[in-house]
Amino acid sequence: MRSQLEGSIAVAKAVALCRPEVISAYPISPQTHIVEALSDLVRTGELAPCEYLMVESEFGAMSAAIGSSATGARSYTATASQGLLYMAEALYNASGLGLPIVMTVANRAIGAPINIWNDHSDAMSQRDCGWIQLYAESNQEAVDLHIQAFRLAEELSLPVMVCMDGFVLTHAIEAVELPTQEQVDAFLPPFHPRQVLDPDDPVTIGAMVGPEAFAEVKYLMHAKQMQALDLLPEISGAFSHAFGRSSGGLVRAYRSVDADTIVVALGSVLGTIEEVVDELRADGVRIGALGITCFRPYPLEEIRAALQGAKRVVVLEKAFAVGLGGIVGQNVRLALSGLPIPVYDTVAGLGGRPITRRSLHTLVADVLEERLEPNRLVFLDLNRELVERELQRVSAARRSGPHAENILRDLGTVAASAHGGPPR
């Protein structure tokens, strides 16, 4: 059934169709609408049997999901930003215990400074915690990925994180095709856990492991996650056959077969990138795009195959490693190791800053006309004047005060200091 739905509501309905037995919930923007909608479905009996747990924190939400999953219940939760960081310890426990929890991450910036808008800093900070990470380009794909995520998690006995851009997708209303309960039941078999905590048949889950076997256990965790690189395309193909539309997989190329320049990105910005690709193609520019749907495990061979014919690669990413540079860019370089293909790292959209078609046209022109150097980090639409002013303050006075407040005073969005102006 095709309906006009807010992204969060569409995801909640898709999760409900997967028949979770336990939902642990703690509200944090911009994922709150998802768990609110699920609470209504549980309250009205539309989603039953299902236990809805209102916990005291995000750490509690993941801890509850770990407990319910360990007892054999299909388990789900959602979070964002600082909430994801708050449950970080439990994230490692969930993956280390091999528990097939599905979680939505409504991607949002991490403070300080405080910011509630979208970028990928939260999920990228947990990219190596042992969870499979899938990134949705649209609300339709977010719906589809959640249905596939439960099947993937339960076939591998691994947790899966479905990332969708906060506000950009979660609060956007658009046409979404929701499957029927019968379709989902046919695609997603009942959950049969590999390990179950049962008082009548006691076992140990989460035993201490010493130096004599810790490396081997970690290796096996890695080996199991790498199985997803084979399984994800299979599940995506089965989904396409069952539901009549292509969705998911590892990567998705757009007009890249004969492209000299390929732009690589994750998430909703791919829609804007594809519009720019079409516009540049109309002007004779041989350009394409590559969307990475699965970031962990990292589909190195598939990305290498998709990019090896390009003359240059532009990576557009909504997060970066402070003190180093681009995260996705470094992973793309790894995939292109040994190939003479320059990579242009571009950080964009931090804290919800719009990524416009005009800015992307300028970026591509700068790359094609060699005004940018490869392997050097670029910040799209950076206000250089604002940055230079603060850097001058820092060089003039060691105790220059916090950057965020100084810059906000420069912009006139907070009150001046008691001394009548920004710090000098």
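For the structure, check the block above.
Described below are features of the structure shown in this document. (Residues numbered from 1 in each chain as written. Predicted model: local features only at pLDDT ≥ 70, side-chain atom pairs only at ≥ 80, totals over all residues. Heavy atoms only, no water.)

### Re the packing of aromatic side chains
And step 1. As enumerated under the stated definition, the model contains six aromatic pairs in all.
And step 2. When the centroid spacing of 5.6 Å and the interplanar angle of 70° are considered together, the rings of Phe 187 and Phe 243 count as edge-to-face. Taken together, the residues Phe 187 in helix H8 (residues 181-187) and Phe 243 in helix H10 (residues 228-243) connect sequence positions 56 residues apart.
And step 3. Judged by relative accessible area, Phe 187 falls into the buried class, the value being 4%.
And step 4. Here the aromatic rings of Phe 295 and Tyr 298 are separated by 5.9 Å at their centres, their planes lie at 75°, and the arrangement is edge-to-face. Just as Phe 295 is buried, Tyr 298 falls in that class too. (Phe/Tyr/Trp six-rings, centres within 6.5 Å; stacked < 30°, edge-to-face > 60°. Helix = DSSP H or I, 4+ residues; strand = E, 2+ residues; numbered from the N terminus. Buried < 20%, exposed > 50% of the residue type's maximum accessible area, 1.4 Å probe, protein only.)

### Quick word on a negative patch on the surface
And step 1. The grouping of Asp 230, Glu 234, Glu 301 and Glu 302 at the surface amounts to a negative patch.
And step 2. Every element with two or more residues in the negative patch is listed here: H10 and helix H12 (300-307).
And step 3. Topologically, Asp 230 is positioned in helix H10.
And step 4. Residue classification places Asp 230 among the exposed positions, given a relative accessible area of 57%. (Patch = residues over 30% accessible without salt bridge, like charges linked within 9 Å, V, L, I, M, F, W, Y side chains within 5 Å. Areas by Shrake-Rupley, 256 points an atom, 1.4 Å probe, with all protein chains shown as cover. Salt bridge = Lys/Arg side-chain N within 4 Å of Asp/Glu carboxyl O. Lys, Arg positive; Asp, Glu negative; His and termini not counted. Charge placed at Lys NZ, Arg CZ, Asp CG, Glu CD.)

### A few points about the sheet that holds strand S17 (residues 378-379)
Each strand in a sheet pairs with its neighbour through backbone hydrogen bonds, running either in the same direction (parallel) or in the opposite one (antiparallel).
And step 1. Read from one edge of the open sheet, six strands run S9-S11-S10-S13-S16-S17, paired in mixed fashion. With partners counted over all chains shown, the strands left at the sheet margins are strand S9 (251-254) and S17, one partner each.
And step 2. Running over the sheet, H12 touches S9, strand S10 (261-265), strand S11 (287-292) and strand S13 (312-317) and is turned about 175° from S11.
And step 3. Strands S10, S11, S13 and strand S16 (343-347) of the sheet are contacted by helix H14 (residues 357-368), whose axis makes an angle of about 145° with S13. (Pairing = 2+ DSSP bridges. Contact = heavy atoms within 4.5 Å. Axes fitted to C-alpha atoms, helices over the stretch in contact; angles between N-to-C directions.)

### Re the side chain of Asp 144
And step 1. With respect to the helices and strands, the residue Asp 144 is situated in helix H7 (residues 139-156).
And step 2. In this structure Asp 144 comes out as buried when scored by relative accessible area, which is 1%.

### So, a nonpolar patch on the surface
And step 1. Among the surface-exposed residues, Val 209, Phe 214 and Val 217 lie close enough to one another that they form a single nonpolar patch of about 230 Å² accessible area.
And step 2. Within the secondary structure layout, Val 217 lies in helix H9 (residues 214-226).
And step 3. Since its relative accessible area comes to 36%, Val 217 is described here as partly exposed.

### Comments concerning the pattern of salt bridges
And step 1. Tallying each qualifying case throughout the model produces 24 salt bridges.
And step 2. Linking Arg 357 and Glu 275 is a salt bridge whose minimum nitrogen-to-oxygen distance equals 3.8 Å. One end of the pair, Arg 357, is in helix H14; the other, Glu 275, is in helix H11 (residues 269-282), with 82 residues separating them in the sequence.
And step 3. Looking at Arg 357, the relative accessible area reads 41%, which means it is partly exposed.
And step 4. Given the relative accessible area of 40%, Glu 275 is considered partly exposed.
And step 5. Sharing partners across several salt bridges, the network here consists of Glu 385, Arg 389, Glu 390, Arg 393 and Asp 410.

### Remarks on the packing of helix H1 (residues 7-17) against H7
And step 1. Direction vectors running N to C along H1 and H7 enclose 25°, while the axes themselves pass 9 Å from each other. With respect to H7, the element H1 is oriented roughly parallel. Handedness of the H1/H7 crossing: right-handed. In this structure, H1 uses Gly 7, Ala 10, Val 11, Ala 14 and Val 15 to contact H7, whose residues at the interface are Asn 139, Ala 142, Val 143, His 146, Ile 147 and Phe 150.
And step 2. A breakdown of the residues in the contact of H1 with H7 according to their chemical character gives eight nonpolar, three polar and no charged. (Parallel < 35°, antiparallel > 145°, perpendicular 65-115°, else oblique. Left-handed = near helix turned anticlockwise from the far one by under 90°. Nonpolar A, V, L, I, M, F, W, Y, C, P; charged D, E, K, R; others polar.)

### Considerations on the packing of helix H15 (residues 384-396) against helix H16 (residues 403-411)
How two helices pack is summed up by the angle between their axes together with the distance between the axes.
And step 1. Contact geometry for H15 and H16: axes closest at 10 Å, N-to-C directions at 125°. If you check the angle between H15 and H16, you find them oblique. Our pair here, H15 against H16, has a crossing hand that is right-handed. In contact with Leu 386, Arg 389, Glu 390, Arg 393 and Val 394 of H15, H16 contributes His 403, Asn 406, Ile 407, Asp 410 and Leu 411.
And step 2. Broken down by class, the residue content of the contact of H15 with H16 amounts to four nonpolar, two polar and four charged.

### Overview of the pairing of strand S6 (residues 132-135)
And step 1. Side chains Ile 132 and Leu 134 project from S6 onto one buried face, and the interleaved Gln 133 and Tyr 135 project onto a second face that is buried too.
And step 2. By the bridge criterion, four bridges tie S6 to strand S7 (residues 160-165) in an arrangement that is parallel. Bridging from a neighbouring strand, Gln 133 pairs with Met 161 of S7.
And step 3. Since S6 and S7 lie parallel, the crossover through H7 that links them has a hand, and here it is right-handed.
And step 4. Direction of pairing for S6 relative to strand S12 (residues 294-296): antiparallel, over a ladder of two bridges. Bridging from a neighbouring strand, Leu 134 pairs with Cys 294 of S12. (Right-handed = clockwise from strand over helix to strand, strands pointing away.)

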